[in-house]
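What the coordinates show
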Amino acid sequence: MPLLARCSGNRGMTRRRFLIDVLIVMFGISAWVGVNGIYVQLPLLVLTAPEGWSLPAYIVVIVQAANIGPVLYALCRKFFPNLCKESAWISSLLILGSVAMGTLAFVYETKTSINGTEHSVALLALIFFTALVGCSSSVLFVPYLRNFQEVHLVSFFVGEGLSGLLPSAVALVQGVGGNEECKAPESNSTNDTASSDHEVPHFSPKIYFLFLFGLLVASTCAFWILECSLVSQDKSDPKLSTVFRTPLPHCNQCPSHENLSSGIPKFETRIAEEVTEATSLQSDTTIAYNGVVRSYLYVLIGLICFAGNGFLPGIQSYSCLPYGNVAYHLTVTLAHLSNPIACVLALWMPPPGPRGITKVSTLAVIASTYVTWLAFSSPTPPWRGTTLGTILVVLAWIALTGLVTYAKLSITAIFRRESGASSLFYVGVVTQAGSVAGAIFSFVLTNYSTLLTPYKSCIPSW
């Protein structure tokens, strides 16, 4: 009988752990699902937004501005520690993100006139509030998990990876309705301007944003259940103490090495810790790099983030849309899928040293040079209107995203293996500076220069 009771108790503990895993996965999805989902929807948003092809550059800057969230939280912890309750901040952010996404579904096409020029003020403002959740997740969500066993941290990373996979999968099902086609004016019409004929996607952006809203609501409810379980644990079965409130190692370092940079998910930053730990099991020796190599790696990750997090996302529409809406749609969705895939592959591949990182970065430079050349060649890039051109631009962006992710992951793993939180703090600073500089550069380039020209599919040639 005692053995039966003990076995029954183990099954109960297994069920509890499984339930907690599911709740933490849902909680992890909320981290970047809003920002990822909006980026994936850009091929449809640029068709209706008054900013047109410049919309990605606006969004990159808005996401960077949302980093004010973790800054405010850090200031609150320093000057008002009694009022800075972690769970209250998380709950407020999740509610704010859910409301913003739900509102976005109904007002994403709203235009506001400013000095005679129309702008998507409502869209950009709601994107800012949605991005606050992702930008603050590294200083709030991960430290909150110290209340649970370390094994549940993996569940959070799985959820964070799904925050990019789920929107991309749904967007692939949604489609863009095909490429835009031109119709010549009717012979008896007084209007001699060509018009566009664009097939509608399988479902509208409104339905897509409502799906993201549902994910955020589910994530919010999952967090509330976790929080209620923590509050009530002392009044319930004492066995729950083996599931809850087991401190995570080094969790006190989490706010110090957050990566506040890009507006794309920080799944690769979390995986860097797993890669470092896996490598340390294979070798007890640690390679100490001199100051020149370390400075080189700092500069390299700054340049990588300048391009990968700021500049290139801002000009992506110019390099893809001349090949059609389908090419742009496939580029955005599949490139987002390559991010977590590259991170997972890194778990089975030892992180390279500086020479290996240089080789990976060189390949990334080649891919980024190609897509930048296409953007500056708009509206008539090479192989436009051909299957070859479409395949090349899609593959170039997928390779670029994977290479950039792997390079950032490898550099982060090196600094974590060498000096831990102290070096990672400076990695975060350099990453942030590079990302902000790239975002500003792309915004200025797309809005205040004539170097980038949108492709107009309906220019009459008769």
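Residues numbered from 1 in each chain as written. Predicted model: local features only at pLDDT ≥ 70, side-chain atom pairs only at ≥ 80, totals over all residues. Heavy atoms only, no water.

Moving on, we get to the overall build of the protein. Counting secondary structure elements, the protein contains 15 helices and four strands. For the protein, the proportion of its 462 residues judged to be buried stands at 53%. Put simply, of all contacts in the protein between residues at least 6 apart along the chain, 85% involve residues at least 24 apart. Summed over its atoms, the accessible surface of the protein is roughly 20700 Å², and 66% of this surface lies on carbon and sulfur atoms. (Helix = DSSP H or I, 4+ residues; strand = E, 2+ residues; numbered from the N terminus. Buried < 20%, exposed > 50% of the residue type's maximum accessible area, 1.4 Å probe, protein only. Contact = heavy atoms within 4.5 Å. Areas by Shrake-Rupley, 256 points an atom, 1.4 Å probe, with all protein chains shown as cover.)

With that settled, consider the packing of helix H6 (residues 86–107) against helix H7 (residues 121–144). Running from N to C, H6 and H7 cross one another at 155 degrees; their axes reach a closest spacing of 9 Å. The angle between the axes of H6 and H7 places the two elements in the roughly antiparallel class. In terms of crossing hand, the pair formed by H6 and H7 is left-handed. Facing Glu86, Trp89, Ile90, Leu93, Leu94, Leu96, Gly97, Ala100, Met101, Thr103, Leu104 and Val107 of H6, the residues of H7 in contact are Ala122, Leu123, Leu126, Phe129, Thr130, Leu132, Val133, Ser136, Leu140, Phe141, Pro143 and Tyr144. The residue makeup of the contact of H6 with H7, split by class, is 19 nonpolar, four polar and one charged. (Axes fitted to C-alpha atoms, helices over the stretch in contact; angles between N-to-C directions. Parallel < 35°, antiparallel > 145°, perpendicular 65-115°, else oblique. Left-handed = near helix turned anticlockwise from the far one by under 90°. Nonpolar A, V, L, I, M, F, W, Y, C, P; charged D, E, K, R; others polar.)

Take helix H5 (residues 68–79) next. Along its 12 residues, H5 runs 16 Å from first to last C-alpha, staying within 8% of the 16 Å computed at 1.5 Å per residue. Turning to H5, its buried residues number three or more, namely Gly69, Pro70, Tyr73 and Cys76. Each buried residue of H5 lies within a common arc of 120 degrees when the element is viewed along its axis, so the set occupies one face. The outward face of H5, more than 90 degrees from its buried face, is lined by the exposed residues Lys78 and Phe79. (Expected span 1.5 Å × (residues − 1). Arc of directions from axis to C-beta.)

Per-residue pLDDT for the protein has a mean of 77; in total, 73% of the residues score no lower than 70. Within the protein, strand E4 (residues 195–197) has the poorest average pLDDT of any element, 50, and H6 the best, 93. Taken together, the stretch residues 237–265 has pLDDT below 50 and engages in 89 contacts with residues farther than four places along the chain or on a different chain. Contacts from residues 281–286, a stretch scored under 50 in pLDDT, to residues over four places away or in other chains number one contact. (pLDDT = per-residue confidence, 0-100.)

Looking now at the packing of aromatic side chains. This model, assessed by the stated rule, comprises 17 aromatic pairs. An angle of 45 degrees between the planes, with centres 5.4 Å apart, marks the rings of phenylalanine 311 and phenylalanine 441 as tilted. Note that phenylalanine 311 is positioned in helix H11 (residues 291–320) and phenylalanine 441 in helix H15 (residues 421–447), a separation of 130 residues in sequence. A residue is classified by how much of its surface remains accessible, and phenylalanine 441, at 40% relative accessible area, is partly exposed. Here the aromatic residues Phe27, Phe141, Tyr144, Phe156 and Phe223 are joined through ring pairs into a cluster of three or more. The ring centre of phenylalanine 79 lies 5.9 Å from the NZ or CZ of lysine 78, which sits over that ring. (Phe/Tyr/Trp six-rings, centres within 6.5 Å; stacked < 30°, edge-to-face > 60°. Lys NZ or Arg CZ within 6 Å of the ring centre and 35° of its normal.)

Moving on, we come to the nonpolar core. Counting residues in each nonpolar core, the largest one holds 106 residues, and the members touching the most others are Phe27, Leu55, Ile59, Phe141 and Phe209. Among the elements that line this core, the one with the most residues is H7, at 13 residues. (Core = buried A, V, L, I, M, F, W, Y, C linked by side-chain atoms within 4.5 Å.)

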